[in-house]
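Residues per chain are reported as follows:
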Amino acid sequence: MPAPQQRRIIFKHIDAPGYTNDLACYVRHGGYEILKKAVTLPAATIIDEVKKSGLRGRGGAGFPCGVKWGLVDRKSGKPIYLVVNADESEPGTFKDRYIIHQDPHQLLEGIMIASFANNVKQAYIYIRGEFPHGARILEQAVAEARAANFVGPNILGTSYSCEIFVHRGAGAYICGEETGLIESLEGKRPYPRIKPPYFPAVLGLYQCPTIVNNVETLCHVKHILEMGGDTYAKIGTPNNTGTRLLCVSGHVKRPGYYEFAVGEITLGELLNEVCGGPLPGRTFKAVIPGGSSAKILKFGETFTLKNKDGSSRTLTVEEIPMDFDTLAACGTMGGSGGVIVMDDSVNMVEALANINAFYAHESCGQCTPCREGSLWMKKITARMVHQQARSEDGALLKSVADQIAGRTICAFGEACSWPTQSFVAKFGDEFKGYAETRKEPKRADALELV
Amino acid sequence: MSAAISSSMNLKPATLLRIDEVITHYPVKRSATLPLLHLIQEDVGYISEEAITWVATKLELQPINVYEVVTFYPMFRQKPIGRRHIKVCRTLSCALLGGYKTCEAFEHAFNTHRGEISPDGEVTIEFVECLASCGTAPVVLIDDDLHENVDVAKAKKLSDQIKSEASQRR
Amino acid sequence: MIAPLKPDLITVNIDGKEIAVPKGTNAIEAARLVGVDVPYYCYHPKLSVVGNCRMCLIEIGMPAVDPATKTPIMDPATGKQKINWIPRPQIGCATNASPGLHIRTNTAQIKDCREGVMEFLLVNHPLDCPICDQAGECKLQEQSTGYGRGYSRYVEQKNFKPKRTQLGPRVMLDDERCILCSRCIRFCKEVVKDDVLGFIDRGSYSTLTCFPGKALENNYSLNTVDICPVGALTSTDFRFKMRVWFLKQTNSIDTESSVGANTVVWSREGVIYRITPRPNDGVNDTWMADTGRELFKAVRAPNRLTAVKLDGLDTSLEVALNSAGAILKAAGRTVALVGSGRSSVEEHSLARKLAETLGASTHMVSRIGEGDRMLISGDRNPNVRGALVVGLIKKLPTEKLTALGGAIDTGAVTVVVSLGEDLHAAGLTAAQLAKVKIIYLGTHADTTTKAAQVVVPTLTVFEKSGTLVNQQFRLQKFAKCVPGPAGATDDLAVLAKLVVTAGGTATLGDLPNVWASLATTVAGLAAISYATLPDTGLLLDSTPFASLPFCEGETFHYQPAATTATMKV
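No experiment lies behind these values; they were computed from the predicted model shown. (Residues numbered from 1 in each chain as written. Chains lettered and ligands numbered in written order. Predicted model: local features only at pLDDT ≥ 70, side-chain atom pairs only at ≥ 80, totals over all residues. Heavy atoms only, no water.)

Caption draft 1: Broad picture of the interface of chain B and chain A. Contact residues are listed per partner, giving 43 residues for chain B and 60 residues for chain A. Both sides of the chain B and chain A interface together cover about 4,100 Å² of buried area, and 59% of this is carbon and sulfur. It is F72(B), L92(B) and L96(B) that lose the most area in chain B upon contact with chain A, and together they represent 17% of the buried surface on that side. Linking chain B with chain A are 2 salt bridges. E42(B) serves as the salt-bridge partner of R168(A), at 3.2 Å between the closest nitrogen and oxygen. Seen at the junction of chain B and chain A, the total is 21 residue pairs in polar contact (both at pLDDT 80 or more). Of all elements in the fold, only α2 (33-44), α4 (63-72), α5 (92-96), α6 (99-109) and β4 (145-147) of chain B reach the threshold of two or more residues within the side of chain B that touches chain A. The element best represented in the side of chain B that touches chain A is α2(B), accounting for 5 residues. For the side of chain B that touches chain A, the class distribution of residues is 22 nonpolar, 11 polar and 10 charged. (Contact = heavy atoms within 4.5 Å. Buried area = accessible area lost by both parts, 1.4 Å probe. Salt bridge = Lys/Arg side-chain N within 4 Å of Asp/Glu carboxyl O. Polar contact = N/O pair within 3.5 Å; in protein donor to acceptor, adjacent residues only side chain to side chain. Helix = DSSP H or I, 4+ residues; strand = E, 2+ residues; numbered from the N terminus. Nonpolar A, V, L, I, M, F, W, Y, C, P; charged D, E, K, R; others polar.)

Encoded structure:
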């Protein structure tokens, strides 16, 4: 059976010949028509459509968007802010980049619909500092949209006004965490806030109710309103609705970004058919399915899952559908949609050392377990690779990771410990045997990962 | 202290205009910290202690508030760098496809080490974390421009390009 | 005393023990009330909650109810309502008591959490306890003993950071010891409003510092040393001087102003090494000014009086007091007594007795400075209100002794008894001092002691016990920390003898007797004694003095009366 076809909703125009990122092109392709429709609707209707759609956040946590909007404190009398998380920084993820660079008005239309629905008068797009062109493109797009009365005071002749400003980050993964992002937007070190009491829906930006949504999530909002929440909910599978952008990188023939109905494609179809399979002469060894913090899957392992009727089924890695719930049931996550593939040329100790270096560098340092644990794990794996590995290092790594996960202020604790936990659990022999293998000279063509 | 700091810090008039404009984007001035630091770095090349104090005064903050921010975010530099800034992605997807070798190729081409200004003053090469273009790994950001699929051969080509531009300028 | 409003009490369950606590009490404080220790580093009851150390992780749960019917779900095993425990541990510092909240601190998970945090805090912490000033009062030491594993699994290179950063004139920083709890940063920002400290860099390499060219030099900087849970911040004055476990702690009062911050004086073998604040939520919370910590240096100052003098020559106390008595008796009713706003309540009361015996006029010198709106008030005399309460004075002290000077000029005053006040500094001229006989009881040599016929060395606040009345009319006691130097005598004993030699009724110069007398003679002090006075003091009735134009402005826990504000103008 051939792999399912891509279903491009968000990426409909990405890479299309002649499609440009200016307003005229967007309007020619039907742009801002949904915003025009939105401003004629009661705000509650739009929120209802989003709730009905079952849309889950595309930033990593997969939290239902409609529920998030429903939590916003609308009685405080304080302004409500929308903050767009365009800090795309989970390693392996590169979907928002293309929306921002090639179709910025799609994002702006989504922002304006979400803002109108939630009575937001001020939205900020927090874009990672490493997208300098992206920031300029967005600023240009906002200026165009403002001139055309899609953004700014009294949009489309209504009494509704909303401004959008673009705010650049400066190289910090932790700004992808919503409360860290809010602190950064307030001009501070992006130390994530403790929850309780600082839930963004109540005490967010400037201690006002705040919605933080991912770029892709907001683009979906536009399409939900276009087709209706119920229709959208029919795409994908129950509780895993709509389409999602998948980013494939690493050891495959055709890495890149793809859009599929959620759960319609399996990991095997994605990698072997859509992405052309492993590089010549290689076989797949492992895959991280949802950004580098997701737990790794080892080719050859199987998962026995419970069905709703009480029976069970067994899946290979290749058979896992790329949806939120099945990936979670297999002990990992859909996360941000970043699929990183490793073939048999990769030594897992070295791969983990690379990942650990990332998390140690990116830990904000606010709370003890993550601050000290992430660096400790980095030091262990770096020592294993560059100096001396000990047979007990794998167990020590796991123990350090276990002391971090679930005990930190923000989800970075899990993000930095899940790779170590899963690498050691699934490739324990490689960690045990690394002391031996390092005695052999490295192959001349071997990869350097650390 | 603030009296000793020149009111414009020799920033370009255009930069000063943008600074005053960007402050209006936020109900709380402190929010303009990152934007101001970006603008100053784009203009001057790096963030000096004087600049930190200037930003603090401008935003009605204490210098430590700005200093904390400058030192947290790797994109802000407190020292000048080479004419071109070569940022090679170090993270997993790029490393899997030879990112370390790409970085070495640049270092070799400019006879320098990561984090240093090359002897000819042309470049500063740095390893940075994920640039979010993993599908076209290895990637390199040279100043504001992203270069994709930069293997060793392409790194050499890019290095030659930078060098030839440099010699034309001389 | 006005009783506080009864707080809204609710019941919580901590490790199986039920306790009623005010709603909103955090889990750490609630546990403290039932004797359960929840360890922490970053939490401080007087600072904002940041939850960064993760040491106070606890398990929490709420009684289960049926979502539909709202009826309690019972646990058949126990017969009690089932508790829905949250699987993920929560921080105690940010968990506020709500009705029915259940807390567990004694589970395997919490033990593992604490062991983990302890291990993490120590991986990059230097093992320099043998040369660290914090040793003995270090939370890392205490809690690694109480909650750590007892061994290290860390074989990697520890981080290097600056070892000796002079943050300010009185505070030294060892960044390698810092556990990044941010208490000092929050203290400066939130309490002193001097936002001078911060973290630079990130992750495990984060470093506490000031901006280059700035310093932690506010007059409260040493509180950061007090609240630093580890040996990162140390006092340049106390550093390397003495091991804390050798030191005796004595409760005292900061006498630098009428705030009367509560203090602890740390001494060994008669020598004082440091002064730290003692918590009093009604006065100084847990803070005190740096200047107040220096006051003990007066004890060993070069100009300390240690010899009884009569007409400039050394003599015995008995001879000196007899001579003083003779001078006073001979003077008839031309004696003036200059009391001191620094004397204790007890001393004020004996001074009043002396003045009454002699029919002497009483005077007092004010010390007005600028209040800092925190813990130093505008009145630098610690006990003017004590003098009012016992009736030594009826009006507020004056800056200069102008009236007394006039009386000396006219010959109406021929003898002046000074209780430690430098009369020259208080405005009397050399000619006026030469015209009168001076009897001086005090601790340090000054212009007046040179002119005095009789000089009797007495004790500093650190060498005697007594009480003071602060700006709130709070009666607070201080205790003897160290013995006085040879040659100095307790002020009360000297005053009592002086009363007798001057022809008054016999009085015993010790605290119990003075208090027995005060209880019967001063209406506001009935039923009070030194021994039973609480450590946090007792508010006296201030209404008899409501019309006096006290000079203090607002400080922590003190609002000047509205009348005062208008009268100041």
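Caption draft 2: Seen up close, the side chain of S133(B). Here S133(B) shows up in the loop between β2 (123-128) and β3 (140-142). Given the relative accessible area of 1%, S133(B) is considered buried. A polar side-chain atom of S133(B) sits 2.8 Å from a polar atom in the side chain of T136(B). Not counting chain neighbours up to four residues away, the residues in contact with S133(B) comprise F94(A), R97(A), Y98(A), V139(B), L146(B) and E148(B). (Buried < 20%, exposed > 50% of the residue type's maximum accessible area, 1.4 Å probe, protein only.)

Caption draft 3: A look at the interface of chain A and chain C. With 34 residues of chain A in contact, the opposing surface of chain C contributes 39 residues. Contact with chain C buries area across many residues of chain A, yet W376(A), Q403(A) and R407(A) alone supply 24% of it, more than any other trio. Between the two partners, chain A and chain C, sit 4 salt bridges. Here R88(C) ties to E414(A) by a salt bridge, and the two come within 3.1 Å at their closest N and O atoms. At the surface where chain A touches chain C, the tally comes to 25 residue pairs in polar contact (both at pLDDT 80 or more). Among the elements that line the side of chain A that touches chain C, the one with the most residues is helix α15 (residues 368-386) of chain A, at 10 residues. Across the side of chain A that touches chain C, the residue classes break down as 14 nonpolar, 11 polar and 9 charged.

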